[in-house]
Each structure stands twice: as structure tokens, then as C-alpha cells.
Amino acid sequence: MANEYAEELPYPKVPSQVKVSTFDDLNSVLENHSRFFRDISRYQDELMTALHAGYLIRDFRVENLSADKIIAGTIGVDQIYLFDNKFELNGALQQIIVKDNQASPVTRVEIGKFGSGADYGIKIRNSSGTVVFQATSTTFIDGAVITNATISDSKIIGMDGSKLTDGTVTNGKIASLSANKITLSGTLTCTSSTTAINVTSAGVVIFSGGGDMIFKATASDSNFISFRNSGNTEKGSIIYSPSSDVFSINNANGSDIFIDAQYGSGTRNVTVRAGSTLSLTSISGATITVGSNITLAPSTVVQVNGNMRADTNNTRSLGTSSIKYSDMWTVVDHVGDIEFDNGWRFTEPDKVYDGAKPEDGLLIMNSKWEVMGGFDKYGNLWVKGFVKPLHDFYPPNIAKRESSESEENYDRERKVLN
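This section reports on the structure supplied with the text. Residue numbers run consecutively from 1 along every chain, following the written order of its sequence. Predicted model: local features are reported for residues with pLDDT of at least 70 only, side-chain atom pairs are reported and counted for 80 or more only, and whole-chain, interface and lining totals are derived from all residues. Calculation of side-chain values draws on the structure's entire complement of heavy atoms; hydrogens and water are dropped beforehand.

Before going further, it helps to examine the sheet that holds strand 12 (residues 246-251). An order of 10-11-12 is seen for the three strands of this open sheet, with the pairing classed as antiparallel. Here the strands that pair on one side only, and so sit at the sheet edges, are strand 10 (223-228) and strand 12. Between one strand and the next, the sheet's axes are offset by a mean angle of 5 degrees, whatever the strand orientation. Whether two strands pair depends on DSSP finding at least two bridges between them. Secondary structure elements are taken from DSSP: a helix is a run of H or I of four residues or more, a strand is a run of E of two residues or more, and numbering for both begins at the N terminus. Both strand 11 (residues 234-241) and strand 12 contribute to a ladder of six bridges, which runs antiparallel. Looking at the pairing, S237 lines up with N250 of strand 12. Each axis is a line fitted through C-alpha atoms, taken for helices only over the stretch in contact, and angles between the N-to-C directions span 0 to 180 degrees.

Okay, structure coming up:
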């Protein structure tokens, strides 16, 4: 067959119309039609032979062709566009390519071969052309949200059974993760220089196995726990300063500090222990108030480096009638009255007589508040009974009471404290 293209096969010429007047005319028409049908049959045979032999069809159009009517071994073309150039089967690149409908179309999907090597897979790009999903020799998902996913009998690089092995996840994000889905064994390290962990709702941190929290300061940076209100205003802090080696609990912006042991069932004690010096310091004349039932139990003495006074006049007591100090040393006593255990008292005249003045002298009163004697401001001594000179008293039959702490011992301890 000399024809290269199937459409070059000559189609038989259709017989011309003839007016039939005689039987000879009729026989001629029938003969012409018989010859035409033979030519049609031969043309069909040659066309089928040409198609089966693989001859080309040039500029051939089929108005309506069903897919099940196409039988071909090989269709040899470089590119096929389906409907338009947005969907392309590119044989040269060995890819299926899908573009979007922007003014300058962007390739959104590529499936097939990538590069000159044997790297096959899929790439999906966003509207700007950036790859957001890739499954080739390198696989990643950028900004993916995975909801209620189940991975069953599958393998993911970097997984060992049900655990992540040592690997690197770069800039990975999980949109929603319940806390009960996290089981951590080992050390969680946060390297952020700003906010490392941010808990945005109410909750608690529980160490059910007796774990510890360790705040490790550097040589130049303090440990700092800040307590703030809902407006992010700091109200207090716990600080360790490595430069001064000081641990402190501080208030801020007008807040108060309480160390409280009154809540819960029963009563609780508060113990403050100091290895050397325990200081209560008032700043700018502020008042330090110590509540009721305060017990100071030192091993030796309590030293007061300042003045002590009651908060109101003629209201507070030092000791009680049943609990007294054994000894007291002072340089000068400024007192109103001196009362003894038997009820006798040294007092001033204005406390006994109307119109009298304190400077009028000193009176001696018995337990019935009767004047037994006194000194006036001129130095005169007067008594209710007789003044008996040269009285012979009985010798004491009770030994002299020694103080529990002698003046010598007190002076020696005072030197050590100073």
C-alpha cells in the first residue's frame, strides 16, 4: 500500500443519476451501482487494513466518540490538553499537571516524575506557587490540621511502634491536642527566649508522683516567678538573685503579703527558723504588728536592738500574776506604783488624796489601801505607828533567794552579743 495516511485512500465515486427510459438504461444503472458497491466494499477492506497496519490519520475529527469504542496499543504524543491547557498530560515531563484560573495561571498539582532522577510522587501548591504538600523522596505537610486521625498498621519515618523515635520536626503545628493524649517520658526542653509554655485557661499542674520543680539560675540571670492579675499587672513575685545570693518573696503595686496557717481543719503552726539572724525590718516608719499568742523560745537570750513600747498607755501588761519574770535589771526604772505580792504598795499622793500633787512625796499603802507611812517633799518621814529604834529582829530562817541569772552572767552574754 503506497498511501502513508489512511485518509489518502480514494473513496469510490458515486454513480451519476441517469434517466431510465428503456431496459438498456436500467441495466446500465444497475451495473453502475453494482460496481460502486464493490468499490465501497474494497475501500472498507483497505481502510481497515490501513488502520490495523498503524497508518496515520491526519486532521481527523470524530463528532461523538465513546471511550469504550477506542482500542489502541500505543498513542504517541508529547502533550495532551483536556478541554484547555489547564489540565495537561505531559509525556515529555512524565507528569499530570493541573493549573488554576488566575490571570497568570499557577501550577497547583503535579503528579509524576520530578527531576532527572527516579523521584516520583505528587506536589500541591497554594495560589502563590509555594509547595504546601509533597510526597516524593521528601514528604511534608505545611500548616496541616489533622482531626481525629487513626493510623492503623502503617509506617511513618521516625516512628517505632507507637512511639516517636529520635527525629526532628521543624516548625510543626498541631491545631488541637487534648492533654490526656500526651504521655511524656524523659525531658521536655523549651528553648524559647520569650514565652516557652502558655496555659490560657484555668487549671492545675499536678506532680502525682512527688516530682520537684527546679528553677536553675544562671550567673547573670535571676530565677523569677511573677504573680499577676487579669490585667497583667504584677502583684507579687518570688525571686532568687545569684549576684547577691538572696531569695525573696516580694509584693508589688500595693498588694499585701500573708503567711497564713488558719485555714483547713484544725490549727496549724508557723515556724520561722534562721541559721544566724532573724530580722523584722520596718521601712519608712511602717508598723510591724505581731498577733496574739507569740512565743519566743531562744536557747539563750533575746536581744532587742531598739526601744520597746506598748501601743497604748496604761493598757498592756508584762507578765501576769501567775507567770512572772524571775529577775530584771535596769539602769533607771520609771514607774507609777510599786506593788508587792502581799498587796502593799509605794504610790504618789495624788493617787490617794484629791488636790494632792505627785511631787508632794511618796506614800506606803497596805493591802486595804490605808496609808501606813510616807515621805513628804521636804524629806520628812512619817508613819502611822511608832518608830522603834534598836529593834532586835529575829534571824532569817529562809535562805537568800539567788537569781536564776546573775549580773555577771548577764554582763558576759551582753558583751558576746555586742
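The strand order across the open sheet formed by five strands is 13-14-15-16-17, and the pairing between neighbours is antiparallel. The sheet is open, and its two edges are formed by strand 13 (338-339) and strand 17 (381-383), each paired on a single side. Strand direction decides the pairing type here: strand 16 (residues 371-376) and strand 17, joined by three bridges, are antiparallel. The residue of strand 17 that forms the bridge with G373 is V383.

Note on strand geometry: in a regular strand, side chains alternate between the two faces of the sheet. Relative to strand 11, strand 10 runs antiparallel, the two sharing six bridges. Paired with S226 across the strands is S237, a residue of strand 11. Taken together, strand 10 and the strand that follows it, strand 11, pair antiparallel across an intervening segment of five residues, in which N232 is found at a positive phi of about 65 degrees. Between the end of strand 11 and the start of strand 12, which pair antiparallel, lie four residues, with D245 showing a positive phi angle near 55 degrees.

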